[in-house]
2 protein chains.
Amino acid sequence: MSEQDELLSKAFHLVRQYLEQDSELVVQYESPESLNTKVDLSIPAIGVSQEKFLYLLETYLTYSVRTQHPQFFNQLFSGSNLPGLIGELFTSLTNTSMATYEIAPLATLIEQTLIAELNAYVGFNSGEGTFVTGGSNANMVAMICARNQAFPTAKDQGMLHQSAVFVSEQAHYSFLKAANVLGIGLNNVIKVKTDPKGRMIPQALQAAIEGAIASGKTPFFVAATAGTTVLGAFDPIPEIAEMTQKHQLWLHIDAAWGGAVLLSDRYRHFLIGSERADSLTWDAHKLMGLPIVCSAILIKHQGILAQTVSNQDADYLFHDHENSAYDLGLTSLQCGRKADSLKLWLAWQYYGKSGYQKKIDWLLEMADYATQKVNQCPELELMAPTQFLNICFRYVGNPSADLDRLNLELRDRLVKSGKSLVNYTFLKGQVILRLVLANSEVQRTDLDQFFENILAIGRTL
Amino acid sequence: MSEQDELLSKAFHLVRQYLEQDSELVVQYESPESLNTKVDLSIPAIGVSQEKFLYLLETYLTYSVRTQHPQFFNQLFSGSNLPGLIGELFTSLTNTSMATYEIAPLATLIEQTLIAELNAYVGFNSGEGTFVTGGSNANMVAMICARNQAFPTAKDQGMLHQSAVFVSEQAHYSFLKAANVLGIGLNNVIKVKTDPKGRMIPQALQAAIEGAIASGKTPFFVAATAGTTVLGAFDPIPEIAEMTQKHQLWLHIDAAWGGAVLLSDRYRHFLIGSERADSLTWDAHKLMGLPIVCSAILIKHQGILAQTVSNQDADYLFHDHENSAYDLGLTSLQCGRKADSLKLWLAWQYYGKSGYQKKIDWLLEMADYATQKVNQCPELELMAPTQFLNICFRYVGNPSADLDRLNLELRDRLVKSGKSLVNYTFLKGQVILRLVLANSEVQRTDLDQFFENILAIGRTL
């Protein structure tokens, strides 16, 4: 066994041990100051020994959040599933860039297969797409495609237009970032009112579009959300599509969180009308359980990506040859690009379509169970109707207390206990806890445990 | 052993086998059409068996380019080093997002340590920075920081200005992409003439700036390149810095390829004056041998990133609390972001500063050796003086032939033989082969073999 192979073998052993271990805690909480004293982060002059290297790996595991833990309900993702983890390892092992077929032959075909598959779920019959660097980036790519279609001179001459884009007031903050990046301006992101469930109100969109036009701005882009970050709301696509069709605006769907409902016969109606959109963001690292990042932007019409991002200055990389049509770098804003498609392809092979359908159905069943638990417990209050996999609630066992402060304190203690991780946010000015179901391994007993942990702390406050 | 553990164990075995194997070929070349018939890419209704899954992994290895092979000279990267590969595996194992300290405690401190370390090499004494999604993205982030500093209303109102940015005519195409994305416009990317070695001519920059001003455009950004893509040229930073200082323009250095010279006492003078820049792009996945992507944007002055990318709409994620200063998502354009810093930190621990210095010095020694080989062989011609790790040459053994066609044909046959991989491009309208040294494991014998492979094919044409 070579020295390198020995190190690899020991590192692999640590991985297997980590995955087989049942850890009681999601995280061993340390403040930044304390963690800084516990780990020597400095770069050494001379390389460390094999023992020290393995010790650093163990240290990393000790102080990292166990996002695959059944008590991790903090984000719109959780852990990595096994085929996804293996996929990521094989991607790094064969480390290449998705720029050309020449250096990524099979990965190119895999990416093309997956883009076609995802498009089929959305209903884009002759669509295109590319893997991107995250849901935020997917939303931005959609916006630049729309921008350059609406303002054909923008690419060459710059964005010298007063324009307007529309999102719901519950939409993800990445649209603001995109408007900043793309030279559109934050003031031109118009936030459309939502109904009490957090869904964009089509009449309000209509009014917003007309208002923008009246103030001299040129509307070009509407983003509906399928699964909002806080409430899990699905905007009404068919009604919104009527508006965008009427005004000839690009309709984008941010389905980063909710897109996976399309994998389920039972729940795909949540995204009814998706085929009427021009583009859709799909984050497979959220509900498909893959390591971050695994995101795709899907576009209804072929040719738009290349037209939007193409440039002439890379003849050192892109050659005009027999396989040019397979050079995916021509439709990407990246030059070096990791093969993020492999892990998704392998996981889909591993679970099959039916496996993923079961996962989505199961998560929605768990969301229903968690909602019932909240409703049945007098010390808890559901703060918004559950529409998807987000359960917004809070502890109300001490009604005379300042419930905002109490829930912040409860949540802080919970995080520091390391027993469960759940995030909080504000809803109509009130602090709420947002339980997110993203881990399809979660069982009823895990949810029972979670609420027990909440109540146990709440009762001490 | 659980079923999952058994699969993991078998996948790990494949990885170790792949790394220990000496493969004769860099790639087993297949056309897209042929490869499509050899691998069933479709997504199955029911998940595949463990055997089938392992077969798919082996298939992926069989048809992927072995970028770590000593005959892979095709791109500005090669393979993954061992600590980097292990780092990537542990990143996926503990899968989290770099948005907040809460969910990425140790990874946050690691990223901060590395940004400080890289800034120290550049000479940014109180700098900031963030890991980004690649060198192209780093260049874009630099440009948006500069844009929003120069045009303070751009963020809110949009980029309603006729502006101008300057790069050398040998600069990377990502600056064009950035200008498109940022609403600046391709026409406003002004390409400054280079000297015969491919270095930006400062007097030409001066003239270009004055010309832009005269035509009513507002210059705000100059990008120097440290290690150009084709020739490996280093633009003269001190002279360029004089110009940018005089005109109060943002000076960026695209050191994606050449930045690693700063790791070497012997070669850091290539980047003399780096501390005078405002920002610098550093791709650790190039000369530091890490899996793609591992890129950082470094900024001289603290506070600019947050000011440039911040937004108010994410109180579901970013909370005002005791550890807010450690929430790295506040300085990133990404929301979900992989912990790309871990692999770099681990590799740096493994090799130490001295180990990386040796790697850089060794690569430059090999570049010298390869250059000598070309110069000593009458059938080969050096097409540009070697300045860094790019050796631009071509086969001239048959001087009566159309040498452009001959070299294209030679290179095509070489790629299809799978014996060596080297890229080609155009220099002053002529086809050249560009040998890139990015793999510090490459030995003289590998270079001997490479030129033998070239000559063997050349002599048949």
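Reading guide: rules and limits
Residues numbered from 1 in each chain as written. Chains lettered and ligands numbered in written order. Predicted model: local features only at pLDDT ≥ 70, side-chain atom pairs only at ≥ 80, totals over all residues. Heavy atoms only, no water. Axes fitted to C-alpha atoms, helices over the stretch in contact; angles between N-to-C directions. Helix = DSSP H or I, 4+ residues; strand = E, 2+ residues; numbered from the N terminus. Parallel < 35°, antiparallel > 145°, perpendicular 65-115°, else oblique. Left-handed = near helix turned anticlockwise from the far one by under 90°. Contact = heavy atoms within 4.5 Å. Pairing = 2+ DSSP bridges. Domains from an automatic or database assignment. Buried area = accessible area lost by both parts, 1.4 Å probe. Salt bridge = Lys/Arg side-chain N within 4 Å of Asp/Glu carboxyl O. Polar contact = N/O pair within 3.5 Å; in protein donor to acceptor, adjacent residues only side chain to side chain. Buried < 20%, exposed > 50% of the residue type's maximum accessible area, 1.4 Å probe, protein only. Phe/Tyr/Trp six-rings, centres within 6.5 Å; stacked < 30°, edge-to-face > 60°. Lys, Arg positive; Asp, Glu negative; His and termini not counted. Expected span 1.5 Å × (residues − 1). Arc of directions from axis to C-beta. Disulfide = S-S within 2.5 Å. Least-squares fit on C-alpha atoms with pLDDT ≥ 70 in both. Right-handed = clockwise from strand over helix to strand, strands pointing away.

**Q** Whenever I open this one, the packing of helix H3 (residues 50-63) of chain A against helix H12 (residues 341-376) of chain B confuses me. Can you help?
**A** A pair of packed helices is captured by two measures, namely the crossing angle of their axes and the spacing between those axes. Their axes nearest at 10 Å, the elements H3 of chain A and H12 of chain B cross at an angle of 155 degrees. Here H12 of chain B runs roughly antiparallel to H3 of chain A, going by the angle between their axes. Seen along the crossing, H3 of chain A lies across H12 of chain B with a hand that is right-handed. Where H3 of chain A abuts H12 of chain B, its residues Phe-53, Leu-56, Leu-57 and Tyr-60 of chain A lie against Leu-342, Trp-345, Leu-346, Gln-349 and Tyr-350 of chain B.

**Q** Explanation requested: the sheet that holds strand S4 (residues 189-192) of chain B in the structure shown.
**A** Note on sheets: strands pair through backbone hydrogen bonds, and any given pair is parallel or antiparallel. Residue and element names in this part refer to chain B. Read from one edge to the other, the open sheet built from 7 strands follows the order S2-S8-S7-S6-S5-S3-S4, with strand pairing classed as mixed. This sheet does not close on itself; its edge strands, each paired only once, are strand S2 (128-132) and S4. Put simply, the sheet's adjacent strands are angled 20 degrees from each other on average, direction ignored. Two elements, strand S3 (residues 163-168) and S4, share 4 bridges in a ladder whose sense is parallel. Residue pairing in the sheet places Phe-166 in a bridge with Ile-190 of S4. The sheet contacts of helix H5 (residues 105-122) involve S2, strand S7 (279-283) and strand S8 (295-299), and relative to S2 the element is tilted by about 115 degrees.

**Q** What should I look at first to understand the domain arrangement of chain A in this one?
**A** For an interface, size is often stated in terms of accessible area lost upon the parts coming together. All names here are of chain A. Examined at the domain level, chain A breaks down into domain 1 (3-64), domain 2 (97-338) and domain 3 (348-460). Contacts between the two partners involve 4 residues from domain 1, matched on the other side by 7 residues from domain 3. When domain 1 packs against domain 3, close to 480 Å² is buried across both sides, 70% of that on carbon and sulfur atoms. A per-residue breakdown of the area domain 1 buries against domain 3 is headed by Val-26, Val-27 and Tyr-29, which together make up 74% of the total. In this assembly, domain 1 and domain 3 are joined by 0 salt bridges. Across the contact surface, domain 1 and domain 3 share 1 residue pair in polar contact (both at pLDDT 80 or more).

**Q** When you look at the pattern of salt bridges in this model, what are you seeing that I'm missing?
**A** Opposite charge on two side chains makes pairing possible when the charged atoms of those side chains draw close. Residues and elements named next belong to chain A. As enumerated under the stated definition, the model contains 40 salt bridges over all chains in all. With a shortest N-O distance of 3.3 Å, Asp-340 and Lys-343 are connected by a salt bridge. By the burial criterion, Asp-340 is buried, and Lys-343 matches it. In this structure, the salt-bridge partner of Glu-409 is Arg-413, at a minimum N-O distance of 2.7 Å. Here Glu-409 pairs with Arg-413, and both are found in helix H13 (residues 403-417), just 4 residues apart, close to one helical turn. Judged by relative accessible area, Glu-409 falls into the partly exposed class, the value being 33%. Residues joined by salt bridges that share partners form a network here, namely Glu-88, Lys-338, Asp-340 and Lys-343.

**Q** Would you explain the interface of chain A and chain B in this entry?
**A** Tallying the contact residues gives 148 residues for chain A and 148 residues for chain B. When the buried surface of chain A facing chain B is broken down by residue, Ile-43, Tyr-60 and Tyr-316 of chain A rank first, second and third, together holding 6% of it. Joining chain A to chain B, the criterion identifies 4 salt bridges. The residue Arg-411 of chain A makes a salt bridge to Glu-102 of chain B at a minimum N-O spacing of 2.5 Å. Our count for the contact surface shared by chain A and chain B stands at 62 residue pairs in polar contact (both at pLDDT 80 or more). Among the elements that line the side of chain A that touches chain B, the one with the most residues is helix H1 (residues 3-20) of chain A, at 13 residues.

**Q** What exactly am I supposed to notice about the packing of aromatic side chains here?
**A** What characterises a pair of aromatic rings is the spacing of the ring centres plus the angle enclosed by the ring planes. Following the criterion strictly, the structure yields 45 aromatic pairs over all chains and no others. Here Tyr-121 of chain A and Trp-348 of chain A contribute two aromatic rings whose centre-to-centre distance is 5.9 Å and whose plane-to-plane angle is 15 degrees, an arrangement assigned as stacked. One end of the pair, Tyr-121 of chain A, is in helix H5 (residues 105-122); the other, Trp-348 of chain A, is in helix H12 (residues 341-376), with 227 residues separating them in the sequence. The exposure class assigned to Tyr-121 of chain A is buried, which follows from its relative accessible area of 17%. The interplanar angle of 70 degrees and the centroid separation of 5.1 Å between the aromatic rings of Phe-234 of chain B and Phe-270 of chain B together place this pair among those described as edge-to-face.

**Q** Would you explain the side chain of Asp-254 of chain A in this entry?
**A** All names here are of chain A. Along the polypeptide, Asp-254 turns up in strand S6 (residues 250-254). Despite being buried, Asp-254 has no salt bridge partner; Lys-286 is the closest side chain of opposite charge, sitting 6.8 Å away. A distance of 3.2 Å separates polar atoms of two side chains, one belonging to Asp-254 and the other to Asn-139. Contacts of Asp-254, omitting those with residues within four sequence positions, involve Asn-139, His-172, Phe-175, Ala-224, Thr-225, Ala-226 and Thr-281.

**Q** Please explain helix H13 (residues 403-417) of chain B as it appears in this structure.
**A** Residue and element names in this part refer to chain B. Its 15 residues give H13 an end-to-end C-alpha distance of 21 Å, which sits within 8% of 21 Å, the value for a rise of 1.5 Å per residue. Taken residue by residue, H13 has Leu-403, Leu-406, Asn-407, Leu-410, Arg-411, Leu-414 and Val-415 as its buried positions. Down the axis of H13, the buried set is contained in an arc of 165 degrees. They therefore lie on one face. Capping of H13 at its N-terminal end is provided by Asp-402; its side-chain oxygen lies 3.1 Å from the backbone amide nitrogen of Asp-404. Count one or two residues on from H13 and you reach Gly-418, which has phi positive near 75 degrees.

**Q** Can you help me understand the state of the cysteines in this one?
**A** Evaluation of the coordinates by the stated rule reveals 0 disulfides over all chains. Left unpaired, Cys-294 of chain A is separated from the closest cysteine sulfur, that of Cys-335 of chain B, by 16 Å. Of the cysteine sulfurs around Cys-377 of chain A, a residue in no disulfide, the closest is that of Cys-392 of chain A, at 17 Å.

**Q** How should the environment of Ala-142 of chain B be read in this particular structure?
**A** In this structure, Ala-142 of chain B sits in helix H6 (residues 135-150). In this structure, Ala-142 of chain B is in contact with Phe-221, Trp-250, His-252, Ser-279 and Ile-297 of chain B, ignoring residues within four places of it in sequence.

**Q** Whenever I open this one, the relation of the copies chain A and chain B confuses me. Can you help?
**A** Two chain copies here: they are related by a rotation about an axis and a translation along the same axis. When chain A is fitted to chain B, the residual RMSD is 0.0 Å, and the transformation amounts to a turn of 180 degrees plus an axial shift of 0.0 Å. The superposition operator between the copies reduces to a two-fold rotation axis. Same-surface contact between copies: 100% of interface residues of chain A are shared with the interface of chain B.

**Q** In this structure, what is going on with the pairing of strand S6 (residues 250-254) of chain B? I would like to understand it.
**A** Sheet faces and side chains relate simply in a regular strand, where the side chains alternate between the two faces. Residues and elements named next belong to chain B. Burial of S6 is extensive: 5 of the 5 residues sit out of reach of the surface. Residues Trp-250, His-252 and Asp-254 point to one face of S6 and Leu-251 and Ile-253 to the other, with burial holding for every one of them. Summarising the sheet, strand S5 (residues 218-225) and S6 pair through 5 bridges and their orientation is parallel. Bridged to Ala-224 within S6 is Ile-253. In this fold, S5 hands off to helix H10 (residues 237-247), which returns the chain to S6; that crossover is right-handed. Judged from the 3 bridges that link them, S6 and S7 form a sheet pairing that is parallel.

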